Amino acid sequence: MSEGRESSLRQLAATLRQARGEAEGRGDAWSVAVHTVDLEEVERVGRELGVDLAGGASQSGAVRG
């Protein structure tokens, strides 16, 4: 995997974690759930490419249903 692609995945994961944290701070459960799903997908892609991006996607307050 190229350094650029790995860097982009890491940046995207960090951006999603930050956005999720901001949504949590606002009490915006919908945005928390959306950012969590997006982050989980980015982490899945990272795993498939051999890049560990795990950083607590499952630790959010998102409701599963």
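Here the structure is a predicted model, which means the values were calculated and not measured.

The rules we used
- Residues numbered from 1 in each chain as written.
- Predicted model: local features only at pLDDT ≥ 70, side-chain atom pairs only at ≥ 80, totals over all residues.
- Heavy atoms only, no water.
- Core = buried A, V, L, I, M, F, W, Y, C linked by side-chain atoms within 4.5 Å.
- Buried < 20%, exposed > 50% of the residue type's maximum accessible area, 1.4 Å probe, protein only.
- Helix = DSSP H or I, 4+ residues; strand = E, 2+ residues; numbered from the N terminus.
- pLDDT = per-residue confidence, 0-100.
- Contact = heavy atoms within 4.5 Å.
- Salt bridge = Lys/Arg side-chain N within 4 Å of Asp/Glu carboxyl O.

**Here's the deal with the nonpolar core**
In step 1: Membership of the largest hydrophobic core is limited to 7 residues, which are L9, A13, L16, L39, V42, V51 and L53.
In step 2: When contributions to this core are tallied by element, the ones reaching two or more residues are α1 (3–26) and α2 (29–48).

**Details of the confidence of the model for the chain**
In step 1: This prediction gives the chain a mean pLDDT of 85; 82% of its residues lie at or above 70.
In step 2: Note on residues 57–65: pLDDT under 50 across the span, and 16 contacts to partners over four residues away in sequence or across chains.

**Observations regarding the pattern of salt bridges**
In step 1: Tallied over the full model, the rule gives 5 salt bridges.
In step 2: Among the ionic pairs, E6 bridges to R10, the shortest N-O distance being 2.9 Å. Highlighted residues: E6 and R10, both in helix α1, separated by 4 residues, approximately one helical turn.
In step 3: Residue class for R10 comes out partly exposed when judged on its relative accessible area of 39%.
In step 4: In this structure, the salt-bridge partner of R44 is E41, at a minimum N-O distance of 2.4 Å. Remark: E41 and R44 occur in helix α2; sequence separation between them is 3 residues, near one turn of the helix.
In step 5: The exposure class of R44 is partly exposed, given its relative accessible area of 30%.
In step 6: Overall, the relative accessible area of 40% leaves E41 in the partly exposed class.

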